[in-house]
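Here is how the chains run, residue by residue.
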Amino acid sequence: MIAFSVNKKRADLDVDPSTPLLWVIREHLGLTGTKYGCGMAQCGACTVHIDGEAVRSCVTPVSRATGKEVTTIEGLSLDLSNPLQLAWLQEDVPQCGYCQSGQLMSAAVLLREKPKPTDEDIDEAMTGNICRCGTYPRIRRAIHRAAEMAAKGGAR
């Protein structure tokens, strides 16, 4: 039995401890916002948080989540009120949308660690997230906008 919390809800699952967290999230918990991209931790589409740390769930064994809090894109906010989600929409970031959950989850860690990131901070933090549509300038603008919203006490 593997026990952990996902988006603040307890999960007790009888799965092989070596099963990638991504497949447990998608197939066993039905949370399909986290995407499978490359399966090698190279593209970032599968990024989730374990106790606040961004991890690539496609290569993370579910056993690593035991006793911890996992946050998926569905847990970032229940009503799209997170400044990142609002800024993403306002900047019209998504094109195909496939990479966006991973992008948002990586950006959330960045803003927690650096509430006022520079362009260089953003570029460094987001380097491991690939967007095939090339929306990088909009992603950068959205992260700056979200930082401004959060600084002004924007929605969370």
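Residues numbered from 1 in each chain as written. Predicted model: local features only at pLDDT ≥ 70, side-chain atom pairs only at ≥ 80, totals over all residues. Heavy atoms only, no water.

Caption draft 1: Representation of the nonpolar core in the model. With 20 residues, the main nonpolar core has Leu 84, Trp 88 and Ile 143 as its most contacted residues. If you list the elements that add at least two residues to this core, you get α2 (83-90), α3 (100-113), α4 (119-126) and α5 (136-151). Residues in contact with Leu 84, not counting those within four places in the same chain, are Leu 104, Ala 107, Ala 108, Leu 111, Ile 143 and Ala 146. Listed in part, the 16 residues of the second largest apolar core include Phe 4, Ala 11, Leu 13 and Ile 25. (Core = buried A, V, L, I, M, F, W, Y, C linked by side-chain atoms within 4.5 Å. Buried < 20%, exposed > 50% of the residue type's maximum accessible area, 1.4 Å probe, protein only. Helix = DSSP H or I, 4+ residues; strand = E, 2+ residues; numbered from the N terminus. Contact = heavy atoms within 4.5 Å.)

Caption draft 2: Representation of the packing of α3 against α5. Relative to each other, α3 and α5 sit at 45°, their axes nearing to 11 Å. Comparing the axis directions of α3 and α5 gives the class oblique. α5 is crossed by α3, and the crossing has right-handed handedness. Two secondary-structure elements touch here, α3 through Gln 103, Ala 107, Leu 110 and Leu 111 and α5 through Ile 139, Ile 143, Ala 146 and Ala 147. (Axes fitted to C-alpha atoms, helices over the stretch in contact; angles between N-to-C directions. Parallel < 35°, antiparallel > 145°, perpendicular 65-115°, else oblique. Left-handed = near helix turned anticlockwise from the far one by under 90°.)

Caption draft 3: Broad picture of the sheet that holds strand β2 (residues 9-13). What the five strands build is an open sheet, ordered β2-β1-β5-β3-β4; its pairing is mixed. Two strands lie at the open edges of the sheet, namely β2 and β4 (53-56), each paired on one side alone. On average, adjacent strands in this sheet sit at an angle of 35° to one another, irrespective of strand direction. Where strand β3 (residues 47-50) lies against β4, four bridges are found, and the strand directions are antiparallel. Looking at β4, one finds that His 49 is bridged to Ala 54. Sitting on the sheet, helix α1 (residues 21-28) is in contact with β1 (2-6), β2, β3 and β5 (69-71), with an inclination near 100° to β3. The sheet strands contacting α3 are β3, β4 and β5, and the helix crosses β3 at an angle near 40°. (Pairing = 2+ DSSP bridges.)

Caption draft 4: Examining the pattern of salt bridges more closely. Inspection of the entire model under this criterion finds eight salt bridges. The partner of Arg 10 in a salt bridge is Asp 12, and the shortest N-O contact between them spans 3.1 Å. We classify Asp 12 as partly exposed; its relative accessible area is 40%. For Arg 140, the salt bridge goes to Asp 123, with nearest N and O atoms at 2.7 Å. With Arg 140 in helix α5 and Asp 123 in helix α4, this residue pair connects regions lying 17 residues apart in the sequence. Counted as one network, the salt bridges with shared partners bring together Glu 91, Arg 141 and Arg 145. (Salt bridge = Lys/Arg side-chain N within 4 Å of Asp/Glu carboxyl O.)

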